[in-house]
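# Breakdown of the fold
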Amino acid sequence: MEELLLLSKESSRSNHSIWFGHYTTFTVLSPSPGVRSIMSSATAYLCGHLHTLGGLMPVLHTRHFQGTLELELGDWKNDRRYRIFAFDHDLFSFADLIFGQWPVVLITNPKSLLYSCPKHEPLERLLHSTHIRVLAFSLSSITSVTVKIDGVHLGQAIHLSGPIFILKWNPRNYSNRTHNIEVIVQDSAGRSKSVHHIFSLQEDNQLRFDPLASYILLTDHCMVARILFVMIVLIQLFILIIFRHQRLELKGPPGFVNLTTFSLHVLSKINTFYYSLLLLTLYTVLGPWFIGEITEGKMGCCFSFGIFVDGHFLQGSVTFIVGILQLAFFNIPLMAYLCWSLLQRCFGHNFRSHLRQRKYLKITAVHLLMLLLYIWQIYSCYFLHMTYGTLAFFFSPLRSWLTLLTPVLIYCVWTLNSKELGTFTVQLKNHLNS
(Lines give C-alpha, C1' and ligand atoms only; values in the text may rest on other atoms or scores of the structure.)
Protein backbone atom coordinates (compact mmCIF):
# COMPACT_ATOMS: atom_id res chain seq x y z
CA MET A 1 0.00 0.00 0.00
CA GLU A 2 2.88 2.35 0.74
CA GLU A 3 4.31 1.76 -2.74
CA LEU A 4 0.92 2.43 -4.32
CA LEU A 5 0.53 5.63 -2.29
CA LEU A 6 3.96 6.76 -3.48
CA LEU A 7 3.08 6.02 -7.12
CA SER A 8 -0.22 7.89 -6.71
CA LYS A 9 1.55 10.98 -5.36
CA GLU A 10 4.16 10.89 -8.11
CA SER A 11 1.53 10.61 -10.85
CA SER A 12 -0.61 13.41 -9.38
CA ARG A 13 1.65 15.92 -11.13
CA SER A 14 0.77 14.43 -14.55
CA ASN A 15 -2.15 15.41 -16.74
CA HIS A 16 -3.41 11.84 -16.56
CA SER A 17 -2.50 8.51 -15.04
CA ILE A 18 -3.67 5.06 -16.11
CA TRP A 19 -3.47 2.18 -13.65
CA PHE A 20 -3.02 -1.40 -14.81
CA GLY A 21 -3.72 -4.56 -12.83
CA HIS A 22 -4.93 -8.11 -13.23
CA TYR A 23 -7.57 -8.15 -10.50
CA THR A 24 -10.76 -6.14 -10.28
CA THR A 25 -10.73 -3.73 -7.35
CA PHE A 26 -13.44 -5.56 -5.39
CA THR A 27 -11.24 -8.69 -5.25
CA VAL A 28 -8.29 -6.74 -3.83
CA LEU A 29 -8.21 -6.80 -0.03
CA SER A 30 -6.52 -3.63 1.23
CA PRO A 31 -6.40 -1.65 4.49
CA SER A 32 -8.15 1.70 4.81
CA PRO A 33 -8.55 3.91 2.82
CA GLY A 34 -8.59 1.12 0.20
CA VAL A 35 -7.14 0.70 -3.24
CA ARG A 36 -9.98 2.61 -4.94
CA SER A 37 -9.29 5.68 -2.84
CA ILE A 38 -5.58 5.52 -3.65
CA MET A 39 -6.23 5.38 -7.40
CA SER A 40 -8.94 8.08 -7.27
CA SER A 41 -6.73 10.55 -9.18
CA ALA A 42 -6.40 8.11 -12.10
CA THR A 43 -8.43 8.47 -15.25
CA ALA A 44 -8.91 4.73 -15.62
CA TYR A 45 -7.99 1.38 -14.13
CA LEU A 46 -7.51 -1.30 -16.80
CA CYS A 47 -7.86 -4.88 -15.56
CA GLY A 48 -8.84 -8.44 -16.38
CA HIS A 49 -9.49 -11.44 -14.08
CA LEU A 50 -13.26 -11.63 -14.61
CA HIS A 51 -12.87 -10.78 -18.32
CA THR A 52 -16.37 -11.39 -19.74
CA LEU A 53 -17.57 -13.87 -17.08
CA GLY A 54 -17.46 -16.69 -19.57
CA GLY A 55 -19.38 -14.67 -22.16
CA LEU A 56 -22.23 -13.77 -19.79
CA MET A 57 -21.07 -10.13 -19.56
CA PRO A 58 -19.41 -9.08 -22.85
CA VAL A 59 -18.89 -5.57 -21.44
CA LEU A 60 -17.80 -5.17 -17.82
CA HIS A 61 -17.18 -1.45 -17.39
CA THR A 62 -18.12 1.00 -14.66
CA ARG A 63 -17.06 4.19 -12.90
CA HIS A 64 -15.92 4.42 -9.29
CA PHE A 65 -17.67 6.90 -7.03
CA GLN A 66 -14.42 8.92 -7.10
CA GLY A 67 -14.66 9.18 -10.90
CA THR A 68 -12.08 6.59 -12.03
CA LEU A 69 -13.17 4.26 -14.81
CA GLU A 70 -12.76 0.53 -14.18
CA LEU A 71 -12.56 -1.29 -17.49
CA GLU A 72 -12.44 -5.09 -17.69
CA LEU A 73 -11.09 -6.62 -20.87
CA GLY A 74 -11.86 -10.01 -22.39
CA ASP A 75 -8.97 -12.48 -22.25
CA TRP A 76 -6.28 -12.79 -24.91
CA LYS A 77 -5.64 -16.52 -24.41
CA ASN A 78 -9.00 -17.85 -25.60
CA ASP A 79 -10.86 -14.90 -27.11
CA ARG A 80 -7.94 -12.87 -28.52
CA ARG A 81 -9.29 -9.62 -27.07
CA TYR A 82 -7.10 -6.52 -26.87
CA ARG A 83 -7.54 -2.81 -26.21
CA ILE A 84 -6.23 0.38 -27.73
CA PHE A 85 -6.58 3.76 -26.07
CA ALA A 86 -5.61 7.32 -26.87
CA PHE A 87 -5.55 10.79 -25.37
CA ASP A 88 -6.79 13.52 -27.68
CA HIS A 89 -6.20 16.95 -26.13
CA ASP A 90 -6.37 15.28 -22.69
CA LEU A 91 -9.61 13.44 -23.51
CA PHE A 92 -9.41 9.68 -22.96
CA SER A 93 -10.87 7.25 -25.52
CA PHE A 94 -10.49 3.51 -26.00
CA ALA A 95 -11.77 0.57 -28.01
CA ASP A 96 -11.97 -3.14 -27.09
CA LEU A 97 -11.20 -5.23 -30.14
CA ILE A 98 -10.83 -8.80 -31.40
CA PHE A 99 -7.50 -9.65 -32.98
CA GLY A 100 -7.73 -10.26 -36.71
CA GLN A 101 -10.81 -8.13 -37.30
CA TRP A 102 -9.93 -5.21 -39.56
CA PRO A 103 -10.02 -2.29 -39.93
CA VAL A 104 -9.50 -0.93 -36.42
CA VAL A 105 -11.42 2.28 -35.65
CA LEU A 106 -11.36 4.63 -32.64
CA ILE A 107 -13.24 7.94 -32.52
CA THR A 108 -11.22 10.30 -30.31
CA ASN A 109 -13.18 13.53 -30.85
CA PRO A 110 -15.97 13.92 -29.91
CA LYS A 111 -15.45 11.31 -27.19
CA SER A 112 -18.11 8.96 -25.85
CA LEU A 113 -20.45 10.49 -23.27
CA LEU A 114 -20.60 7.21 -21.33
CA TYR A 115 -16.88 7.31 -20.57
CA SER A 116 -16.63 11.07 -19.97
CA CYS A 117 -15.45 12.25 -16.57
CA PRO A 118 -15.52 15.98 -15.71
CA LYS A 119 -13.29 15.35 -12.68
CA HIS A 120 -10.37 14.10 -14.77
CA GLU A 121 -10.92 15.54 -18.24
CA PRO A 122 -11.27 19.08 -19.69
CA LEU A 123 -14.58 18.32 -21.41
CA GLU A 124 -15.09 21.99 -22.29
CA ARG A 125 -12.53 21.49 -25.06
CA LEU A 126 -15.13 19.55 -27.04
CA LEU A 127 -17.12 22.74 -27.58
CA HIS A 128 -14.06 24.56 -28.92
CA SER A 129 -12.71 21.78 -31.14
CA THR A 130 -12.44 22.36 -34.88
CA HIS A 131 -12.28 18.82 -36.24
CA ILE A 132 -13.74 15.37 -35.74
CA ARG A 133 -10.77 13.05 -35.27
CA VAL A 134 -10.63 9.31 -35.93
CA LEU A 135 -7.86 6.74 -35.60
CA ALA A 136 -8.21 4.13 -38.35
CA PHE A 137 -5.75 1.51 -39.55
CA SER A 138 -5.72 -1.90 -41.19
CA LEU A 139 -3.44 -4.46 -42.81
CA SER A 140 -4.40 -2.80 -46.09
CA SER A 141 -4.52 0.92 -46.82
CA ILE A 142 -7.60 2.86 -45.69
CA THR A 143 -9.66 4.02 -48.67
CA SER A 144 -12.53 5.92 -47.02
CA VAL A 145 -13.64 7.25 -43.64
CA THR A 146 -17.31 8.30 -43.69
CA VAL A 147 -18.76 10.33 -40.83
CA LYS A 148 -22.44 10.64 -39.87
CA ILE A 149 -24.06 12.45 -36.96
CA ASP A 150 -27.64 11.56 -36.03
CA GLY A 151 -27.87 9.67 -39.32
CA VAL A 152 -26.96 12.74 -41.41
CA HIS A 153 -23.98 12.33 -43.73
CA LEU A 154 -21.33 14.86 -42.67
CA GLY A 155 -18.60 14.04 -45.17
CA GLN A 156 -15.41 12.08 -45.80
CA ALA A 157 -12.62 12.49 -43.28
CA ILE A 158 -9.21 13.19 -44.81
CA HIS A 159 -5.94 11.56 -43.86
CA LEU A 160 -3.71 13.76 -41.70
CA SER A 161 -0.80 11.54 -40.68
CA GLY A 162 -0.26 7.97 -39.52
CA PRO A 163 -3.66 6.53 -38.52
CA ILE A 164 -5.24 9.97 -37.94
CA PHE A 165 -8.21 11.09 -40.06
CA ILE A 166 -9.94 14.44 -39.56
CA LEU A 167 -13.11 16.18 -40.71
CA LYS A 168 -13.89 19.84 -40.05
CA TRP A 169 -17.05 20.47 -38.04
CA ASN A 170 -18.89 23.13 -36.07
CA PRO A 171 -19.50 21.73 -32.55
CA ARG A 172 -21.99 24.51 -31.70
CA ASN A 173 -24.45 22.88 -34.09
CA TYR A 174 -24.60 20.05 -31.56
CA SER A 175 -24.43 21.99 -28.30
CA ASN A 176 -27.87 20.84 -27.11
CA ARG A 177 -28.92 17.36 -25.91
CA THR A 178 -27.12 14.14 -26.92
CA HIS A 179 -26.11 13.05 -30.40
CA ASN A 180 -24.97 9.86 -32.10
CA ILE A 181 -21.80 9.86 -34.20
CA GLU A 182 -21.12 6.99 -36.60
CA VAL A 183 -17.90 6.37 -38.53
CA ILE A 184 -17.66 3.84 -41.38
CA VAL A 185 -14.15 2.84 -42.46
CA GLN A 186 -13.22 0.81 -45.54
CA ASP A 187 -9.83 -0.51 -46.62
CA SER A 188 -8.43 -1.50 -50.02
CA ALA A 189 -9.11 -5.18 -49.32
CA GLY A 190 -12.85 -4.45 -49.24
CA ARG A 191 -13.20 -4.83 -45.48
CA SER A 192 -15.50 -2.42 -43.67
CA LYS A 193 -16.02 -1.47 -40.03
CA SER A 194 -18.69 0.76 -38.50
CA VAL A 195 -18.43 2.20 -34.99
CA HIS A 196 -20.66 4.66 -33.19
CA HIS A 197 -21.25 6.20 -29.81
CA ILE A 198 -23.33 8.86 -28.08
CA PHE A 199 -21.70 12.19 -27.28
CA SER A 200 -22.75 15.46 -25.71
CA LEU A 201 -21.18 18.89 -25.45
CA GLN A 202 -23.05 19.65 -22.24
CA GLU A 203 -20.99 18.77 -19.18
CA ASP A 204 -24.04 18.07 -17.01
CA ASN A 205 -25.25 15.28 -19.32
CA GLN A 206 -24.41 11.75 -18.19
CA LEU A 207 -25.10 8.18 -19.22
CA ARG A 208 -25.23 5.34 -16.72
CA PHE A 209 -23.32 2.12 -17.06
CA ASP A 210 -25.08 -1.24 -17.17
CA PRO A 211 -26.49 -1.68 -13.62
CA LEU A 212 -25.47 -5.34 -13.52
CA ALA A 213 -21.88 -4.55 -14.56
CA SER A 214 -21.70 -1.77 -11.96
CA TYR A 215 -23.10 -4.11 -9.30
CA ILE A 216 -20.52 -6.78 -10.13
CA LEU A 217 -17.56 -4.38 -10.16
CA LEU A 218 -18.51 -1.96 -7.36
CA THR A 219 -20.04 -4.24 -4.74
CA ASP A 220 -17.77 -5.43 -1.94
CA HIS A 221 -18.50 -9.09 -2.60
CA CYS A 222 -16.03 -10.17 0.08
CA MET A 223 -18.09 -8.38 2.72
CA VAL A 224 -21.32 -9.76 1.26
CA ALA A 225 -19.83 -13.28 1.41
CA ARG A 226 -18.76 -12.77 5.04
CA ILE A 227 -22.22 -11.59 6.07
CA LEU A 228 -23.98 -14.39 4.18
CA PHE A 229 -21.64 -17.02 5.63
CA VAL A 230 -22.19 -15.81 9.20
CA MET A 231 -25.97 -15.58 8.67
CA ILE A 232 -26.20 -19.17 7.38
CA VAL A 233 -24.13 -20.45 10.29
CA LEU A 234 -26.18 -18.53 12.87
CA ILE A 235 -29.46 -19.76 11.37
CA GLN A 236 -28.27 -23.37 11.47
CA LEU A 237 -27.05 -23.02 15.07
CA PHE A 238 -30.26 -21.25 16.05
CA ILE A 239 -32.38 -24.09 14.65
CA LEU A 240 -30.35 -26.76 16.40
CA ILE A 241 -30.30 -25.03 19.80
CA ILE A 242 -33.94 -23.87 19.75
CA PHE A 243 -35.29 -27.30 18.83
CA ARG A 244 -32.96 -28.88 21.40
CA HIS A 245 -34.55 -26.94 24.27
CA GLN A 246 -38.08 -26.47 22.93
CA ARG A 247 -40.79 -28.84 24.08
CA LEU A 248 -42.14 -31.17 21.40
CA GLU A 249 -45.81 -30.51 20.66
CA LEU A 250 -47.55 -31.81 17.57
CA LYS A 251 -50.48 -29.70 16.43
CA GLY A 252 -52.46 -29.52 13.23
CA PRO A 253 -52.50 -31.88 10.24
CA PRO A 254 -49.36 -33.97 9.56
CA GLY A 255 -48.26 -31.90 6.59
CA PHE A 256 -44.79 -30.96 5.37
CA VAL A 257 -44.22 -28.20 7.95
CA ASN A 258 -45.34 -30.28 10.93
CA LEU A 259 -43.33 -33.33 9.90
CA THR A 260 -40.24 -31.19 9.24
CA THR A 261 -40.61 -29.56 12.67
CA PHE A 262 -41.03 -32.98 14.25
CA SER A 263 -37.91 -34.38 12.54
CA LEU A 264 -35.87 -31.38 13.71
CA HIS A 265 -37.03 -32.06 17.27
CA VAL A 266 -35.94 -35.69 16.97
CA LEU A 267 -32.55 -34.76 15.50
CA SER A 268 -31.85 -32.08 18.13
CA LYS A 269 -32.85 -34.22 21.09
CA ILE A 270 -30.68 -37.24 20.24
CA ASN A 271 -27.20 -36.48 21.52
CA THR A 272 -25.28 -38.33 18.82
CA PHE A 273 -26.72 -36.26 15.98
CA TYR A 274 -27.16 -32.99 17.86
CA TYR A 275 -23.55 -32.75 19.04
CA SER A 276 -22.19 -34.06 15.73
CA LEU A 277 -23.96 -31.36 13.71
CA LEU A 278 -23.29 -28.69 16.31
CA LEU A 279 -19.58 -29.52 16.23
CA LEU A 280 -19.55 -29.64 12.42
CA THR A 281 -21.17 -26.20 12.16
CA LEU A 282 -18.87 -24.62 14.74
CA TYR A 283 -15.83 -26.29 13.19
CA THR A 284 -16.73 -24.94 9.77
CA VAL A 285 -16.47 -21.44 11.26
CA LEU A 286 -13.62 -21.78 13.76
CA GLY A 287 -11.56 -24.85 12.97
CA PRO A 288 -8.73 -25.21 10.47
CA TRP A 289 -10.12 -26.66 7.26
CA PHE A 290 -6.80 -28.17 6.28
CA ILE A 291 -3.08 -28.00 7.01
CA GLY A 292 -0.68 -28.22 4.10
CA GLU A 293 1.72 -26.55 1.69
CA ILE A 294 -0.08 -23.30 0.88
CA THR A 295 2.67 -22.00 -1.39
CA GLU A 296 5.79 -23.78 -2.59
CA GLY A 297 7.87 -24.68 0.43
CA LYS A 298 5.61 -22.74 2.84
CA MET A 299 3.37 -24.59 5.29
CA GLY A 300 0.16 -23.11 6.61
CA CYS A 301 -3.41 -23.76 7.64
CA CYS A 302 -6.66 -22.52 6.16
CA PHE A 303 -9.62 -21.23 8.17
CA SER A 304 -12.92 -19.69 7.09
CA PHE A 305 -11.65 -16.26 8.10
CA GLY A 306 -8.25 -16.48 6.42
CA ILE A 307 -4.99 -18.35 5.97
CA PHE A 308 -1.95 -18.56 8.22
CA VAL A 309 1.18 -19.19 6.15
CA ASP A 310 4.84 -18.90 7.07
CA GLY A 311 4.04 -16.84 10.16
CA HIS A 312 1.77 -14.40 8.32
CA PHE A 313 -2.01 -14.07 8.31
CA LEU A 314 -3.83 -13.48 5.02
CA GLN A 315 -7.37 -12.17 5.50
CA GLY A 316 -10.08 -14.37 4.05
CA SER A 317 -12.10 -13.48 0.96
CA VAL A 318 -12.62 -16.51 -1.28
CA THR A 319 -12.57 -18.67 1.85
CA PHE A 320 -15.98 -17.31 2.85
CA ILE A 321 -17.40 -18.24 -0.56
CA VAL A 322 -15.94 -21.75 -0.19
CA GLY A 323 -17.52 -21.88 3.27
CA ILE A 324 -20.92 -20.91 1.87
CA LEU A 325 -20.64 -23.65 -0.74
CA GLN A 326 -19.68 -26.17 1.95
CA LEU A 327 -22.68 -25.20 4.07
CA ALA A 328 -25.16 -25.01 1.20
CA PHE A 329 -24.10 -28.11 -0.71
CA PHE A 330 -23.15 -30.50 2.06
CA ASN A 331 -23.53 -29.49 5.73
CA ILE A 332 -27.14 -28.35 5.51
CA PRO A 333 -28.25 -31.11 3.07
CA LEU A 334 -26.63 -33.65 5.39
CA MET A 335 -28.65 -32.24 8.30
CA ALA A 336 -31.84 -32.38 6.20
CA TYR A 337 -31.09 -35.95 5.10
CA LEU A 338 -30.54 -37.08 8.70
CA CYS A 339 -33.85 -35.44 9.69
CA TRP A 340 -35.66 -37.23 6.88
CA SER A 341 -34.04 -40.56 7.76
CA LEU A 342 -34.98 -40.17 11.43
CA LEU A 343 -38.54 -39.41 10.39
CA GLN A 344 -38.64 -42.68 8.46
CA ARG A 345 -37.41 -44.48 11.56
CA CYS A 346 -40.16 -42.85 13.66
CA PHE A 347 -42.71 -44.16 11.16
CA GLY A 348 -41.47 -47.61 12.20
CA HIS A 349 -39.28 -48.35 9.18
CA ASN A 350 -35.77 -49.68 8.97
CA PHE A 351 -33.57 -49.19 5.90
CA ARG A 352 -35.01 -52.14 3.97
CA SER A 353 -38.65 -51.62 4.82
CA HIS A 354 -38.68 -47.91 3.96
CA LEU A 355 -37.58 -48.80 0.41
CA ARG A 356 -40.71 -50.94 -0.05
CA GLN A 357 -43.12 -48.04 0.47
CA ARG A 358 -45.43 -46.87 -2.30
CA LYS A 359 -43.52 -43.58 -2.61
CA TYR A 360 -40.59 -45.46 -4.13
CA LEU A 361 -39.61 -42.77 -6.66
CA LYS A 362 -39.64 -40.00 -4.06
CA ILE A 363 -37.53 -42.04 -1.65
CA THR A 364 -35.06 -42.95 -4.40
CA ALA A 365 -34.79 -39.29 -5.40
CA VAL A 366 -33.88 -38.28 -1.83
CA HIS A 367 -31.14 -40.92 -1.60
CA LEU A 368 -29.86 -40.10 -5.08
CA LEU A 369 -29.64 -36.38 -4.30
CA MET A 370 -27.67 -37.09 -1.13
CA LEU A 371 -25.42 -39.44 -3.06
CA LEU A 372 -24.68 -36.73 -5.65
CA LEU A 373 -23.82 -34.25 -2.89
CA TYR A 374 -21.61 -36.85 -1.27
CA ILE A 375 -19.81 -37.36 -4.60
CA TRP A 376 -19.34 -33.56 -4.71
CA GLN A 377 -17.73 -33.77 -1.26
CA ILE A 378 -15.43 -36.56 -2.48
CA TYR A 379 -14.47 -34.47 -5.51
CA SER A 380 -13.65 -31.53 -3.22
CA CYS A 381 -11.19 -33.85 -1.44
CA TYR A 382 -9.62 -34.74 -4.78
CA PHE A 383 -9.44 -31.05 -5.73
CA LEU A 384 -7.80 -30.27 -2.38
CA HIS A 385 -5.23 -33.00 -2.99
CA MET A 386 -4.43 -31.73 -6.49
CA THR A 387 -4.16 -28.12 -5.29
CA TYR A 388 -2.37 -28.36 -1.94
CA GLY A 389 -0.87 -31.85 -1.94
CA THR A 390 -1.08 -35.09 -0.02
CA LEU A 391 -0.50 -33.58 3.42
CA ALA A 392 -3.51 -31.26 3.02
CA PHE A 393 -5.61 -34.23 1.88
CA PHE A 394 -4.89 -36.27 5.02
CA PHE A 395 -5.03 -33.31 7.43
CA SER A 396 -8.35 -31.89 6.28
CA PRO A 397 -11.10 -32.31 8.90
CA LEU A 398 -13.66 -30.43 6.80
CA ARG A 399 -13.02 -32.41 3.63
CA SER A 400 -11.42 -35.84 4.01
CA TRP A 401 -12.40 -36.55 7.62
CA LEU A 402 -15.98 -35.39 7.11
CA THR A 403 -16.21 -37.56 3.99
CA LEU A 404 -15.31 -40.60 6.13
CA LEU A 405 -17.57 -39.65 9.05
CA THR A 406 -20.69 -39.01 6.95
CA PRO A 407 -21.42 -42.71 6.22
CA VAL A 408 -20.92 -43.41 9.93
CA LEU A 409 -23.59 -40.85 10.87
CA ILE A 410 -25.99 -42.23 8.26
CA TYR A 411 -25.32 -45.78 9.49
CA CYS A 412 -26.09 -44.66 13.05
CA VAL A 413 -29.50 -43.34 11.95
CA TRP A 414 -30.60 -46.57 10.31
CA THR A 415 -29.22 -48.84 13.05
CA LEU A 416 -30.31 -46.67 15.99
CA ASN A 417 -31.93 -48.67 18.77
CA SER A 418 -35.71 -48.38 18.52
CA LYS A 419 -35.89 -47.72 22.26
CA GLU A 420 -34.15 -44.37 21.77
CA LEU A 421 -36.87 -43.42 19.28
CA GLY A 422 -39.68 -44.94 21.36
CA THR A 423 -41.08 -41.70 22.77
CA PHE A 424 -40.95 -39.95 19.40
CA THR A 425 -42.53 -42.92 17.61
CA VAL A 426 -45.43 -43.04 20.09
CA GLN A 427 -46.02 -39.28 19.82
CA LEU A 428 -46.02 -39.43 16.03
CA LYS A 429 -48.44 -42.39 15.91
CA ASN A 430 -50.79 -40.74 18.42
CA HIS A 431 -50.77 -37.55 16.36
CA LEU A 432 -51.44 -39.44 13.09
CA ASN A 433 -54.32 -41.36 14.69
CA SER A 434 -55.90 -38.31 16.34
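Above this note sits the structure.
The following refers to the structure shown. A quick note: this is a predicted structure, and the numbers were derived from the prediction, not measured.

Looking now at the pattern of salt bridges. For the structure shown, the criterion picks out seven salt bridges. Among the ionic pairs, R133 bridges to D88, the shortest N-O distance being 2.7 Å. Taken together, the residues span a long stretch of sequence, with R133 in strand β8 (residues 131-137) and D88 in strand β5 (residues 81-88) at a distance of 45 residues. Of the two residues, R133 and D88, neither departs from the other in class, the shared state being buried.

The next thing to look at is helix α4 (residues 211-218). All of the buried residues in α4 are A213, S214, I216, L217 and L218. Buried-residue contacts for α4 involve α2 (35-38), β3 (61-63), β4 (69-72) and α5 (221-245). Where α4 begins, one side-chain oxygen reaches toward the backbone nitrogen of L212, 3.1 Å away; that side chain belongs to D210.

On to the sheet that holds strand β12 (residues 164-168). An order of β7-β8-β12-β11 is seen for the four strands of this open sheet, with the pairing classed as antiparallel. The open sheet has two edge strands with one neighbour each: β7 (104-109) and β11 (158-161). Across the sheet, the mean angle separating the axes of adjacent strands is 35° when strand polarity is ignored. Of the strand pairs in this sheet, β7 and β8 are connected by five bridges, and their pairing is antiparallel.

This part takes up the sheet that holds strand β18 (residues 312-315). Strand-to-strand pairing in sheets goes through backbone hydrogen bonds, with the strands running parallel or antiparallel. Strand order across the open sheet formed by four strands is β15-β16-β17-β18, with antiparallel pairing between neighbours. The outermost strands of the open sheet, each flanked by one partner alone, are β15 (290-295) and β18. Strand-to-strand twist in this sheet, taken as the mean axis angle between neighbours without regard to direction, amounts to 30°. Both β15 and strand β16 (residues 298-303) contribute to a ladder of five bridges, which runs antiparallel. Bridge pairing links G292 to G300 in β16.

Each value, and the rule that gives it
Residues numbered from 1 in each chain as written. Predicted model: local features only at pLDDT ≥ 70, side-chain atom pairs only at ≥ 80, totals over all residues. Heavy atoms only, no water. Salt bridge = Lys/Arg side-chain N within 4 Å of Asp/Glu carboxyl O. Helix = DSSP H or I, 4+ residues; strand = E, 2+ residues; numbered from the N terminus. Buried < 20%, exposed > 50% of the residue type's maximum accessible area, 1.4 Å probe, protein only. Contact = heavy atoms within 4.5 Å. Polar contact = N/O pair within 3.5 Å; in protein donor to acceptor, adjacent residues only side chain to side chain. Pairing = 2+ DSSP bridges. Axes fitted to C-alpha atoms, helices over the stretch in contact; angles between N-to-C directions.

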